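# Structure assessment
Below, each chain spelled out in residue letters.
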Amino acid sequence: MSDPRRSAPHVARNAGPIADVLRGLLPDEGLVLEIASGTGEHALYFARAFPGVTFQPSDPDPASLASIEAWRAEVRAPNLLPPLPLDSSASEWPLERADAILCINMVHISPWAATE
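Fair warning: this is a prediction, and the values are worked out from it, not measured in the lab.

### Thoughts on the pairing of strand β1 (residues 30-35)
The buried fraction of β1 is high, at five of six residues. Of the pairings in the sheet, the one linking β1 to strand β2 (residues 53-59) comprises five bridges and is parallel in character. Within the sheet, the bridge partner assigned to Gly30 lies in β2 and is Val53. In terms of handedness, the path from β1 via helix α2 (residues 41-49) over to β2 forms a crossover that is right-handed. Bridge analysis of β1 against strand β4 (residues 100-103) gives four bridges, and the strand direction is parallel. Following the sheet pairing, Val32 is matched in β4 by Ala100.

### Some remarks on the packing of aromatic side chains
Under the criterion given, the structure shown has three aromatic pairs. Between the aromatic rings of Tyr45 and Phe46, the centroid separation amounts to 6.0 Å while the plane-to-plane angle is 90°, which identifies the pairing as edge-to-face. The exposure class assigned to Tyr45 is partly exposed, which follows from its relative accessible area of 38%. Ring centres of Phe50 and Phe55 lie 6.4 Å apart, and the angle between their planes is 45°; on these two criteria the pair is classed as tilted. Across the pair, Phe55 and Phe50 agree in class, each one buried. Stacked on the ring of Trp71, the Lys or Arg Arg5 has its end atom at 4.9 Å from the ring centre.

### Focus: the nonpolar core
Core analysis: the biggest nonpolar cluster contains 17 residues, and Leu26, Val32, Phe46, Phe50, Phe55 and Leu80 have the highest contact counts within it. Where this core is concerned, the elements lending two or more residues are α1 (9-22), α2, β2 and β4. No other element matches the four residues that α2 contributes to this core. Leu80 has contacts with Ala43, Leu44, Ala47, Phe55, Pro57 and Arg72, leaving out every residue within four places of it along the chain.

### Remarks on helix α3 (residues 62-75)
Given a rise of 1.5 Å per residue, 14 residues ought to cover 20 Å, and the 20 Å separating the end C-alpha atoms of α3 matches this to within 8%. Those residues of α3 that are buried lie in contact with α2, β2 and β3 (84-85). Taken from the residues just after α3, Arg76 is the one with a positive phi, measuring 60°.

The rules behind the values
- Residues numbered from 1 in each chain as written.
- Predicted model: local features only at pLDDT ≥ 70, side-chain atom pairs only at ≥ 80, totals over all residues.
- Heavy atoms only, no water.
- Buried < 20%, exposed > 50% of the residue type's maximum accessible area, 1.4 Å probe, protein only.
- Helix = DSSP H or I, 4+ residues; strand = E, 2+ residues; numbered from the N terminus.
- Pairing = 2+ DSSP bridges.
- Right-handed = clockwise from strand over helix to strand, strands pointing away.
- Phe/Tyr/Trp six-rings, centres within 6.5 Å; stacked < 30°, edge-to-face > 60°.
- Lys NZ or Arg CZ within 6 Å of the ring centre and 35° of its normal.
- Core = buried A, V, L, I, M, F, W, Y, C linked by side-chain atoms within 4.5 Å.
- Contact = heavy atoms within 4.5 Å.
- Expected span 1.5 Å × (residues − 1).

Here you go:
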């Protein structure tokens, strides 16, 4: 059986600098919805960096959802929730509220309707 965890080299380069910016923007506690979580590595990094914040990863791609869940299962960060299937262009989302929304590396690869 193959490992569903995927890895993106850019995460190793940019997760720290992004976390530095988020320190001045995210609430000290609450729920952060990450849209288009991809491999799940950013959500995992941020869950470790912000232990008072709960991260809700999401992605429309089944392979990405499997990768996110595999990383989550391996690390077992208590503030990293199971990933949700979410197409940001959908009229209804599987989440009622979030204290913040985080979207990294999506706009340039998605249809404009997803960005809107």
